[in-house]
Amino acid sequence: MIDLYYADTPNGQKITLFLEETGIPYQLHRIDISKGDQFKPEFLAISPNNKIPAIVDNSPIDGGEPISIFESGAILIYLAEKSGKLLSQNLREKTTQLQWLFWQVGGFGPMLGQNHHFTRYATEKVPYAIKRYTEETQRLYSVLEKRLAQSPYLGGKEYSIADIATYTWARLHDHHNIDLANYPAIDKWLNNINQRQATKKLFG
């Protein structure tokens, strides 16, 4: 059983989507970030950066005590290795999948998050910030489009944790003012993932 400390955000959804894909049993512990749950000592003991998601694996493969993991990319790698699913065992394909996973956690997610903040939620409109993060969003979507025009999935021929991590952000393309008519390969990729049973279960 995996204890998942969760809020309904793209980063939280990465982990639920992986767990649904693989059938690993899990229990949700909702963290209300609007009420400051992420700063409670019991959560900080699991996630010292006070961010969701975080997990506790009560049955680690080494047979030892429960282990806690924070940061969505680290969690996805850990769970993929635990389950033997959604991360290739082939050196070259695995390397490609991990490159695109780190592209998402280091750039695509954070920059889109800044776009969300400055274009939708900031109490003060800052034109420089809006322009900066809108342009960076467009650049990153262009990088994603180019990759998916070459390959059906980010890591190659197989669906992987790289796709899961990127999908939960890219499905919100309307929030980023991205018209998928200009990104046909992304549109096709999103539609393919939308048809998966785990995706349908979580997102309808």
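Cut-offs used in this document
- Residues numbered from 1 in each chain as written.
- Predicted model: local features only at pLDDT ≥ 70, side-chain atom pairs only at ≥ 80, totals over all residues.
- Heavy atoms only, no water.
- Helix = DSSP H or I, 4+ residues; strand = E, 2+ residues; numbered from the N terminus.
- Expected span 1.5 Å × (residues − 1).
- Buried < 20%, exposed > 50% of the residue type's maximum accessible area, 1.4 Å probe, protein only.
- Axes fitted to C-alpha atoms, helices over the stretch in contact; angles between N-to-C directions.
- Parallel < 35°, antiparallel > 145°, perpendicular 65-115°, else oblique.
- Contact = heavy atoms within 4.5 Å.
- Nonpolar A, V, L, I, M, F, W, Y, C, P; charged D, E, K, R; others polar.
- Pairing = 2+ DSSP bridges.
- Polar contact = N/O pair within 3.5 Å; in protein donor to acceptor, adjacent residues only side chain to side chain.
- Salt bridge = Lys/Arg side-chain N within 4 Å of Asp/Glu carboxyl O.

## Some words on helix α1 (residues 10-22)
Alright, step 1. Under the 1.5 Å per step criterion, the end-to-end length of α1 is 18 Å for 13 residues, consistent within 8% with the ideal 18 Å.
Alright, step 2. Within α1, 10 of the 13 residues are buried, which leaves it mostly tucked inside the rest of the structure.
Alright, step 3. Every buried residue of α1 is accounted for by Pro10, Gly12, Gln13, Lys14, Ile15, Thr16, Leu17, Phe18, Leu19 and Thr22.
Alright, step 4. After α1 finishes, the residue Gly23 shows a positive phi value of roughly 75°.

## Focus: the packing of helix α3 (residues 72-83) against helix α4 (residues 91-121)
Alright, step 1. At a minimum axis distance of 10 Å, the contact between α3 and α4 shows a crossing angle of 155°. When the interaxial angle is binned, α3 and α4 end up roughly antiparallel. Residues Ser72, Gly73, Leu76, Ile77 and Glu81 of α3 pack against Lys94, Leu98, Leu101, Phe102 and Val105 of α4.
Alright, step 2. Residue classes in the contact of α3 with α4 are distributed as 6 nonpolar, 2 polar and 2 charged.

## Thoughts on the environment of Thr166
Alright, step 1. Mapped onto the elements, Thr166 comes out in helix α6 (residues 161-170).
Alright, step 2. Setting aside chain neighbours within four positions, we find Thr166 in contact with Trp103, Gln104, Phe108, Leu144, Leu154 and Trp189.

## Brief notes about the sheet that holds strand β4 (residues 67-70)
Alright, step 1. A sheet is described by the order of its strands in space; here 4 strands give the open sequence β2-β1-β3-β4, paired in mixed fashion. Edge positions in the sheet fall to β2 (26-30) and β4, since each of these pairs with one other strand and no more. When the angles between neighbouring strand axes are averaged without regard to direction, this sheet yields 20°.
Alright, step 2. Bridging between strand β1 (residues 2-6) and strand β3 (residues 54-57) involves 4 bridges; their strand directions are antiparallel.

## A look at the side chain of Thr16
Alright, step 1. Tracing the sequence through the fold places Thr16 in helix α1.
Alright, step 2. Residue Thr16 is classed as buried on the basis of its relative accessible area, which comes to 4%.
Alright, step 3. Of the polar contacts made by the side chain of Thr16, one reaches the backbone oxygen of Gln13; its length is 3.1 Å.
Alright, step 4. With residues up to four places along the chain from it excluded, the contact list for Thr16 reads Leu4, Tyr6, Tyr26, Leu28 and Leu202.

## Some words on the pattern of salt bridges
Alright, step 1. In the structure shown here, the tally under the stated rule is 6 salt bridges.
Alright, step 2. A salt bridge links Glu20 to Lys201, with the shortest nitrogen-to-oxygen separation between them at 3.0 Å. Taken together, the residues Glu20 in helix α1 and Lys201 in helix α8 (residues 197-203) connect sequence positions 181 residues apart.
Alright, step 3. Taking relative accessible area as the criterion, Lys201 reaches 60% and is therefore assigned exposed.
Alright, step 4. Note that Asp57 and Lys82 form a salt bridge whose closest N and O atoms lie 3.0 Å from each other.

## Thoughts on the environment of Lys82
Alright, step 1. Position of Lys82 among the secondary structure elements: in helix α3.
Alright, step 2. Judged by relative accessible area, Lys82 falls into the partly exposed class, the value being 25%.
Alright, step 3. Separated by 25 residues in the primary sequence, Lys82 and Asp57 have C-alpha atoms spaced 10.0 Å apart.
Alright, step 4. Excluding anything up to four places from it in sequence, Lys82 contacts Ile2, Asp57, Ser59, Pro60 and Ile61.
Alright, step 5. There is a polar contact of 3.0 Å between the side chain of Lys82 and the side chain of Asp57.

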